[in-house]
Amino acid sequence: MKILGIIPARGGSKGVPKKNSKLLHNKPLIQYTYEAAINSTLLSKIIVSTDDESIISIAHSIGLEVPFVRPKELASDEASSIDVVLHAVEFFEKQNIFFDAICLLQPTSPFREDQFIDKCIQEFINKKTDCLISVQQVPHEYNPHWTFLEDKNGALKIATGEKEIIKRRQDLPNAYFRDGSVYITKINVIKEKKSFYGDSISYVESNPDYFCNIDTLKDWEIAENKISQLRIQ
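What counts as what
Residues numbered from 1 in each chain as written. Predicted model: local features only at pLDDT ≥ 70, side-chain atom pairs only at ≥ 80, totals over all residues. Heavy atoms only, no water. Salt bridge = Lys/Arg side-chain N within 4 Å of Asp/Glu carboxyl O. Buried < 20%, exposed > 50% of the residue type's maximum accessible area, 1.4 Å probe, protein only. Pairing = 2+ DSSP bridges. Helix = DSSP H or I, 4+ residues; strand = E, 2+ residues; numbered from the N terminus. Axes fitted to C-alpha atoms, helices over the stretch in contact; angles between N-to-C directions. Core = buried A, V, L, I, M, F, W, Y, C linked by side-chain atoms within 4.5 Å. Contact = heavy atoms within 4.5 Å. Domains from an automatic or database assignment.

Per an unreviewed UniProt entry, the protein chain goes by the name Acylneuraminate cytidylyltransferase family protein and belongs to Flavobacterium profundi.

Here you go:
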C-alpha cells in the first residue's frame, strides 16, 4: 500500500505565535514529528504542507521535502485540514503520482512512541477500514454515558439518550477521544466524501504518557515538561 505522509504546518497561529517553527527544547516543533515519520518503514513519502518561508527553510535544513508552497487561502484560520490534504493529493496526481491512503501527522502532537506510526498503519491495513485514528481513553468521569445535554426546555438529559443512568463505573463501555497524533484515510474517501473518517473507523490507543496537543502557551509548558519526564532528545 502506498501511503503519503503529510505534516501540515502553516505559519500563522494565535495560541502560540509561529509555533510550528518555534524551538521546543532545542529543535523546531515540526522536527519532532518528522523524526517520528522518517523512522516509519511503511510510509511511502513524507512531505510538509506549508505557506511559510521560515518553515520551508527549517524543513530543508532537516531533510524534509517541501514539494509546493501551500496557497494562502489554505493557510488561514478558516481553512480546513481536509482541503489542505486534497490540495496535496491533487498536486501529486497531476504528476501521475498516486497513493492509496494519506497519513496526516500533526506537528502539534509532537511526541510518539517508537514505531507508533507503523503500528497504526499496520492496523489500518489489517482492519481494511476507511480510516484509522489514534486515540486516548476518556476518563470514566467524562464518559458520555455520564454526561448531560441541555434540552430545549433548559433541562438536562443523558447525552447518550438512555432513560436511566449507568450506576456503576465498571459497567461503562469504553469511550475514546482523538489524540491528534495519527490520522490515516483512504484516498477515495478523502476525494469522494471530503472526510477523514468515511463509514468505518479503526483505532490504536496511544501511550498516555506521550499525549500532548499544543494549542496554547500552557500546552507548550506541558510539552516542555514532558521532554524532561520522557527524556526525549
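There's more to say after this.
Looking at the pattern of salt bridges
A complete count under the given rule lists nine salt bridges for this structure. In this structure, R168 and D171 form a salt bridge, with 3.2 Å as the shortest nitrogen-oxygen distance. Judged by relative accessible area, R168 falls into the partly exposed class, the value being 46%.

A closer look at the sheet that holds strand β5 (residues 101-104)
Spatially, six strands are ordered β4-β1-β5-β9-β6-β10 in an open sheet, and the strand pairing comes out mixed. Strands with a single pairing partner mark the edges of an open sheet, and in this sheet they are β4 (45-49) and β10 (201-205). Between one strand axis and the next, the sheet turns through 30 degrees on average, direction left out of account. Taken together, the four bridges between β5 and strand β9 (residues 176-186) define a ladder with antiparallel strand orientation. What sits directly across from C103, in β9, is I184.

Quick word on unusual backbone geometry
The backbone of K128 shows a phi angle near 60 degrees, a positive value even though the residue is not glycine. Its location among the elements puts K128 in the loop between α4 (116-127) and β6 (131-137). Judged by relative accessible area, which is 67%, K128 ranks as exposed. Unusually for a residue other than glycine, K194 sits at a positive phi of about 50 degrees. Within the secondary structure, K194 sits in the loop between α5 (187-193) and β10.

Concerning the nonpolar core
Among the nonpolar cores identified, the biggest contains 28 residues, and L43, L64, C103, L105, I117, V182 and I184 are the most heavily contacted of them. Looking at this core, the elements with two or more residues in it are β1 (3-8), α1 (29-38), β4, α2 (53-62), β5, α4 and β9. Among the elements that line this core, the one with the most residues is α4, at five residues. Apart from the residues lying within four places of it in its own chain, the contact partners of C103 are I3, L4, G5, I6, L43, I117, V182, Y183 and I184.

Let's talk about α1
The element α1 is largely enclosed, with a buried count of eight among its 10 residues. Here α1 has its buried residues at L29, I30, Q31, Y32, T33, Y34, A36 and A37.

Some points on the domain arrangement of the protein chain
Accessible area lost when the parts come together is the quantity often used to give the size of an interface. Taken domain by domain, the protein chain consists of domain 1 (3-135 + 177-231) and domain 2 (139-174). Averaged C-alpha coordinates put domain 1 and domain 2 at centres separated by 33 Å.

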